[in-house]
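# Summary of the model geometry
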Amino acid sequence: MFKSPKESLGDLAAPSVANLIAAATDVALVVDGQGIIRDVAFNKEELSLELDAQGRWMGSKLAETVTSDTKAKVEGLLQDAVVKKSSSWRQVNHPSAGGEDIPVLYSAINIGRDDRFVVVGRDLRPLAAMQQRLINAQQSMERDY
């Protein structure tokens with residue numbers, strides 16, 4: 001949290017804030033109090049095509065865009081943002097057209113209106129790929145040993 005945001009950042013206009021949020025995350029969503037996605041921004045075109053190529057997220061519930069086993073995490077994410085103004089990070093999985101689930105780490109922030117939240121996400125596929133390479137290297141070393 002910034003120590004003096006009013007002095008250091010001033011009164012940023014909505015387009016500036018939107019650009020800042022979109023640049024700092026892989027996926028950013030504006031979600032209303034019912035969990036419906038009202039706006040979406042992707043930092044990577046590839047991720048946009050894999051997750052929302054048809055533009056079907058707009059107007060959908062966030063919980064409907066994730067796999068069934070992570071729906072409860074999405075609900076908890078938004079509930080935390082109501083109570084604590086921001087939520088803990090939670091990993092959820094989105095189904096993709098390619099068949100493999102796409103893991104995304106999300107946090108939700110209450111933006112001062114009870115009916116609006118900004119949900120920011122980080123694509124975890126690069127981390128998962130690195131972990132898999134490490135596992136493969138360990139298994140290879142064990143086999144050689």
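The following refers to the structure shown. Along each chain, residue indices are assigned from 1 in the same order as the chain's sequence is written. For a predicted model such as this one, the threshold for reporting local features is a pLDDT of at least 70, and the threshold for listing and counting side-chain atom pairs is 80 or more; totals across whole chains, interfaces and linings nevertheless cover every residue. For side-chain calculations, the full set of non-hydrogen atoms in the structure is used, while hydrogens and water are omitted.

### Quick look at the overall build of the protein
In this description a helix means any DSSP run of H or I spanning at least four residues, a strand means any run of E spanning at least two, and both kinds are numbered starting from the N terminus. In terms of regular secondary structure, the protein is built from five helices and five strands. The N-to-C order of helical and strand elements in the protein reads α-α-β-β-α-α-β-β-β-α. Counting only C-alpha atoms, the protein reaches 60 × 35 × 30 Å along its principal axes. For the protein, with 145 residues in total, the buried portion stands at 34%. For the protein, contacts bridging at least 24 residues in sequence account for 42% of all contacts bridging at least 6. As displayed, the protein has an accessible area near 9,300 Å², and 54% of this comes from carbon and sulfur atoms. Charge assignment: positive for Lys and Arg, negative for Asp and Glu; neither His nor the chain ends contribute. Note that the charge is assigned to NZ on lysines, CZ on arginines, CG on aspartates and CD on glutamates. Across the protein, the centroid of the 17 positively charged side chains sits 4 Å from that of the 20 negatively charged ones. When a residue's accessible area, from a 1.4 Å probe over protein chains only, is under 20% of the maximum for its type it is buried; when over 50% it is exposed; and in between it is partly exposed. Only heavy atoms matter for contacts: two residues are in contact if any of them lie within 4.5 Å across the pair. The Shrake-Rupley method, run with a 1.4 Å probe sphere, supplies the accessible areas, and residue values consider only the shown protein chains as cover.

### Focus on the layout of surface pockets
Rolled over the atoms, a probe sized like a water molecule indicates the empty space that remains. Cavity means a closed set of points on a 1 Å grid over the protein atoms alone, one where a 1.4 Å probe fits but cannot get out, pocket means an open set with protein on both sides within 12 Å along at least 5 of 7 lines, and lining means a residue has an atom within 4 Å of a point. Grid points are joined across faces, edges and corners, and a volume is the space filled by probe spheres set on the points. Taken as a whole, the largest pocket encloses approximately 1,200 Å³ of empty space. Together, 31 residues line the largest pocket, and Val 17, Ile 21, Ile 109, Ile 111 and Val 118 are the ones closest to its centre. Of all elements in the fold, only α1 (5-9), α2 (14-24), β1 (27-32), β2 (37-42), β4 (102-110) and β5 (116-123) reach the threshold of two or more residues within the lining of the largest pocket. Broken down by element, the lining of the largest pocket gets its largest block of residues, seven residues, from α2. Residues of the lining of the largest pocket, tallied by class, amount to 22 nonpolar, four polar and five charged. Empty space within the second largest pocket amounts to approximately 160 Å³. Lining the second largest pocket are 13 residues, and of these Gly 33, Gln 34, Gly 35, Glu 75 and Leu 78 sit closest to its centre. Broken down by element, the residue count for the lining of the second largest pocket peaks at five residues, all from helix α4 (residues 71-84). Under the scheme applied here, ten amino acids are nonpolar (Ala, Val, Leu, Ile, Met, Phe, Trp, Tyr, Cys and Pro), four are charged (Asp, Glu, Lys and Arg), and all others, including Gly, are polar. Within the lining of the second largest pocket, the residues separate by chemical class into six nonpolar, four polar and three charged.

### Section: the packing of aromatic side chains
Pairing of aromatic rings covers Phe, Tyr and Trp, the last through its six-membered ring, and needs centres within 6.5 Å; plane angles under 30 degrees mean stacked, over 60 mean edge-to-face, and all others mean tilted. Summed over the entire model, instances satisfying the criterion amount to one aromatic pair. Ring plane angle 50° and centroid distance 5.7 Å describe the contact between Phe 42 and Trp 57, whose orientation is recorded as tilted. Of this pair, Phe 42 sits in strand β2 while Trp 57 sits in the loop between α3 (45-52) and α4, and the two are 15 residues apart along the sequence. Each member of the pair, Phe 42 as well as Trp 57, is classed as buried. Over a ring means this: the NZ of a Lys or the CZ of an Arg is within 6 Å of the ring centre and within 35 degrees of the ring normal. Note that Arg 122 overlies the ring of Trp 89, its terminal NZ or CZ placed 4.3 Å from the centroid.

### Side note on the nonpolar core
Within the largest apolar cluster, 22 residues are counted, with the highest numbers of intra-cluster contacts made by Val 27, Leu 29, Val 31, Trp 57, Leu 62, Tyr 106 and Val 119. Breaking this core down by element, the ones donating at least two residues are β1, β2, α3, α4, β4 and β5. Setting aside its immediate chain neighbours within four residues, Val 27 contacts Val 40, Ala 41, Phe 42, Trp 57, Val 104, Tyr 106, Val 119, Val 120 and Gly 121. To qualify as a nonpolar core, a set must consist of buried Ala, Val, Leu, Ile, Met, Phe, Trp, Tyr and Cys residues joined through side-chain atoms within 4.5 Å.

### As for the environment of Gln 139
Along the chain, the position of Gln 139 falls in helix α5 (residues 125-144). Taking relative accessible area as the criterion, Gln 139 reaches 39% and is therefore assigned partly exposed. Sequence separation between Gln 139 and Asp 69 is 70 residues; the distance between their C-alpha atoms is 29 Å.

### Re the sheet that holds strand β3 (residues 90-94)
Whether two strands pair depends on DSSP finding at least two bridges between them. Taken in spatial order, the five strands make up an open sheet running β2-β1-β5-β4-β3, and their pairing is antiparallel. Each edge of the open sheet carries a strand with a single partner, namely β2 and β3. Between one strand and the next, the sheet's axes are offset by a mean angle of 30°, whatever the strand orientation. Direction of pairing for β1 relative to β5: antiparallel, over a ladder of six bridges. Between N-to-C directions, angles cover 0 to 180 degrees, with each direction set by a line fitted to C-alpha atoms, over the stretch in contact for helices.

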